[in-house]
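Residue-level structural notes
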Amino acid sequence: MATITDVARAAGVSVSTVSHVINGTRHVNEATAKLVKEAIENLGFVPNAVARSLVRSSTDAVGIAISISTNYYFNDIVSSIERACAAIGQLVFLCDTQNDPATELKLVRELVQRRVDGVILAPSNDPENRAVEYLRSARMPFVLVDRLTVDDADGVCLDNEAAMETLIDHLVGHGHRRIGLIAGEPGLRSTIERVRGYVGAMRKHGLEIDRSLMSEGNANSSEARQSAFDILSRADRPTAIASGNNLATIGVMRAVRDLGLRVSEDLALIGFDDFDWADCFEPRLTVMAQPSEMIGMQAAEMLARQIKSSTESVRQVRLPAKLTVRRSCGCGGH
């Protein structure tokens, strides 16, 4: 295996010159740099990544700490982050937090100990925000995605309140007055904001807010199914239900099936996340599609700016969602 000394000898330069070309630590004139690069290619020399990171105080690697196993929606965000990072030569370490605060803190610590250049975090429901506080104490660049649990850190997510308000506006516009809500995981910032959007929209239209038609926290599709079953079993059941995420939507669909009801005929259903099979249900689901690709891209760009300059001012971006109308809301789709 060729060494840096072999490259220096073949190019007729010093070992330090080869190092400067590889690491970009000092300007080397174009002709000399070309000789070094040709020698590297001809000899098949592979630079030592660990040694390079020590020289440059950078590993060209970032960590993603996100609950990818509990929410399909995060897959698209992760893919977008990986593409954006690859475009600027950054390797990505993906850690599944499983939405568990203890696991999240452990994995974030390990990412810092492995000397990543920065971390993109989708915070779990941790009242103490331990992972965020650890990143601060370690002076590690980080960006929050999906859940902006603090106001003084970079982050990008959906404008949750406005998106839920749009869903309710759509249902009210089609004559619905008793509208139920099956929200997402309890305690999460995104869930809280979507519940707030529901309440605000109902008040805006002068409609009664019946708390018995609201389930404000469902950690998984089974819990969402039970909540929806209880609400839809009532004699005065709602004529429409808004769901807070894809898992909640699946739970509602199961409750509808178990009760022998029909979506769009007996009940309008509308929810968040345009997941892969949303248009495979019958009727096809009307959803609020989140800009997951843009969320991932902006998060990666924010982190790159932070890594490059620690003096960047804090930015928090809330992106609009897109209402994708199909048939489950009972209006025919268009």
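Residues numbered from 1 in each chain as written. Predicted model: local features only at pLDDT ≥ 70, side-chain atom pairs only at ≥ 80, totals over all residues. Heavy atoms only, no water.

Going by the annotation in an unreviewed UniProt entry, the name recorded for the protein is LacI family transcriptional regulator, with Rhizobium binae given as the source organism.

Looking only at helices and strands, the protein features twelve helices and twelve strands. Relative to the globule expectation of 20 Å for 334 residues, the C-alpha radius of gyration of the protein, 25 Å, shows a markedly less compact shape. Oriented by its inertia axes, the alpha-carbon framework of the protein measures out at about 85 × 40 × 30 Å. Taken over 334 residues, the protein has a buried fraction of 51%. Taking all contacts inside the protein whose residues are at least 6 apart in sequence as the whole, residues at least 24 apart take part in 70%. (Helix = DSSP H or I, 4+ residues; strand = E, 2+ residues; numbered from the N terminus. Rg over C-alpha atoms; globule rule 2.2 N^0.38 Å. Buried < 20%, exposed > 50% of the residue type's maximum accessible area, 1.4 Å probe, protein only. Contact = heavy atoms within 4.5 Å.)

The subject of this paragraph is the packing of helix α8 (residues 160-173) against helix α9 (residues 189-204). For the pair α8 and α9, the least separation of the axes is 7 Å and the interaxial angle reads 45°. With respect to their mutual orientation, α8 and α9 come out oblique. Where α8 crosses over α9, the two elements pack in a sense that is right-handed. For the pair formed by α8 and α9, the contact residues are Asn160, Glu161, Met164, Glu165, Ile168 and Asp169 on the first element and Ser190, Glu193, Arg194, Arg196, Gly197, Tyr198, Ala201, Met202 and Lys204 on the second. For the contact of α8 with α9, the per-class residue count stands at five nonpolar, three polar and seven charged. (Axes fitted to C-alpha atoms, helices over the stretch in contact; angles between N-to-C directions. Parallel < 35°, antiparallel > 145°, perpendicular 65-115°, else oblique. Left-handed = near helix turned anticlockwise from the far one by under 90°. Nonpolar A, V, L, I, M, F, W, Y, C, P; charged D, E, K, R; others polar.)

What follows deals with unusual backbone geometry. For Gln98, which is not glycine, the phi torsion reads 55° and is therefore positive. Among the secondary structure elements, Gln98 is positioned in the loop between β2 (91-96) and α6 (101-113). By relative accessible area, which is 48% here, Gln98 ends up partly exposed. The backbone of Arg139 sits at a positive phi, close to 55°, despite the residue not being glycine. Within the fold, Arg139 resides in the loop between α7 (130-137) and β4 (142-145).

Moving on, we come to the sheet that holds strand β1 (residues 61-66). Remark on secondary structure: sheet strands pair via backbone hydrogen bonds, oriented parallel or antiparallel. A sheet is described by the order of its strands in space; here six strands give the open sequence β2-β1-β3-β4-β5-β11, paired in parallel fashion. At either margin of the open sheet sits one strand with a lone partner, and together these are β2 and β11 (316-319). Sheet twist, expressed as the average angle between the axes of neighbouring strands with direction ignored, equals 15°. Strand direction decides the pairing type here: strand β5 (residues 155-158) and β11, joined by four bridges, are parallel. Considered in β11, the bridge of Leu158 is made with Leu319. Contacting β1, β2 and β3 (118-121), helix α5 (residues 73-87) crosses the sheet at an angle of about 175° to β1. (Pairing = 2+ DSSP bridges.)

Counted according to the given criterion, the structure contains one cavity of 30 Å³ or more. As a volume, the largest cavity reaches approximately 40 Å³. Taken together, Asp154, Met302, Arg305, Gln306, Glu312, Ser313 and Arg315 make up the full set of residues lining the largest cavity. Taken together, the residues that form the lining of the largest cavity break down as one nonpolar, two polar and four charged. (1 Å grid on protein atoms, 1.4 Å probe; cavity = no way out; pocket = protein on both sides within 12 Å on 5 of 7 lines; lining within 4 Å. Points joined across faces, edges and corners; volume = space filled by probe spheres on them.)

Within a regular strand, side chains alternate between the sheet's two faces. The alternating pattern of strand β10 (residues 286-289) places Thr286 and Met288 and Val287 and Ala289 on opposite faces, both of which are buried. The pairing of β10 with strand β12 (residues 322-324) spans three bridges and is antiparallel. Bridged to Ala289 within β12 is Lys322.

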